[in-house]
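# Close look at the chain arrangement
As a plain string of letters, each chain reads:
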Amino acid sequence: MSATLLQIDGKQVEAQEGMTLLEAAQGAGIRIPTLCHHEGLEPYGGCRICMVEIEKRGWSKLVAACVYPVEGDVVVRTRSEKIDLIRKTILELLLAHAPDSPGLLSLAREYGADKDRFEAQASFCVHCGLCVRYCSEIKKANAVGFLDRGKRREIAFIPEIAAAECWSCMECFALCPTSALQAAYVWVNALVPSLPHVEAGSER
C-alpha cells in the first residue's frame, strides 16, 4: 500500500492508503471519541461522535472519521468550537436515553453536555449497532437485530436463535455503551415465552 500525507490538528501524519481518518489519528496518538466503533467490525458511522472537520482546496466539510478514508493534502481538525458543539448536542440526545451510562457521562463532562437538556426517553438504546454487528460479523449467529425505524428503532433478540446461542456467549453485552444489564434485560424479555419450555425439558 502507498503512503499518504495529511495534517491532523497541525501535525503531519503519514497514513496508509485504505485507512480511515480515525485509524490515521489513532496511529499518530491523536484521540477522537467513538461509541459505535470497534476494531474487529466493519466501520459503521452511526453515532457521529467521531465527527471531524476536513479542509481541502479551500473547501471544508464535516465527516465521520471512522468511515472517511484518508486523502492526501487534507487538513483535519478533530477539535474546534463547531465540532465540540456538535458532540455536546449528540451527547445530550444520547443521555436522554441512557443518563447513567458511565461512558456517556465521562464524555459529557469533557464536552460540557447537560444530561437533563432533553426529555428522558423510555428506550436505553443509542443505536450504535455494536451488539447487532458483533453477533452478525464475529459470531455469525444473527441472534439480535434492529426492529422498526426512525425514532422507534430498537434492538431485539430473536427468541428462537437467542435461546440456543446466547446462554453460552453473551459477549455483546459488554460492548453496549449504555449498560450491559440493559442488554441482558432485553434478551431475557425476548426469551420469556421460551422459559416454560426450557424448564419443562429440564425436569425430564
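Above this text you will find the structure in question.
Fair warning: this is a prediction, and the values are worked out from it, not measured in the lab. (Residues numbered from 1 in each chain as written. Predicted model: local features only at pLDDT ≥ 70, side-chain atom pairs only at ≥ 80, totals over all residues. Heavy atoms only, no water.)

### Here's the deal with the sheet that holds strand S1 (residues 3-8)
- Spatially, S2-S1-S5-S3-S4 is the arrangement adopted by the 5 strands of the open sheet, whose pairing is mixed. A strand with exactly one partner marks an edge of an open sheet, and here the two such strands are strand S2 (11-16) and strand S4 (59-64). Adjacent strand axes in the sheet meet at a mean angle of 35°, parallel and antiparallel pairs treated alike.
- In this sheet, strand S5 (residues 75-77) lies alongside strand S3 (residues 51-56) in antiparallel orientation, the contact comprising 3 bridges. Residue pairing across strands places glutamate 55 opposite valine 75, the latter belonging to S5.
- Sheet strands in contact with helix H2 (residues 81-95) are S3, S4 and S5, and its direction is about 150° off that of S3. (Pairing = 2+ DSSP bridges. Helix = DSSP H or I, 4+ residues; strand = E, 2+ residues; numbered from the N terminus. Axes fitted to C-alpha atoms, helices over the stretch in contact; angles between N-to-C directions. Contact = heavy atoms within 4.5 Å.)

### So, the nonpolar core
- Core analysis: the biggest nonpolar cluster contains 33 residues, and Leu35, Leu91, Leu104, Val144, Ile155 and Phe157 have the highest contact counts within it.
- Going through the elements one at a time, H2, helix H3 (102-111), helix H4 (130-138) and strand S7 (154-157) are the ones with two or more residues in this core.
- Considering each element in turn, this core owes the most residues, 5 residues, to H4.
- Both domains that meet at this core, namely domain 1 (3-79) and domain 2 (130-191), each give it at least three residues.
- By size, the runner-up hydrophobic cluster in this structure holds 22 residues, among which are Ile8, Ile32, Ile54 and Cys66. (Core = buried A, V, L, I, M, F, W, Y, C linked by side-chain atoms within 4.5 Å. Buried < 20%, exposed > 50% of the residue type's maximum accessible area, 1.4 Å probe, protein only. Domains from an automatic or database assignment.)

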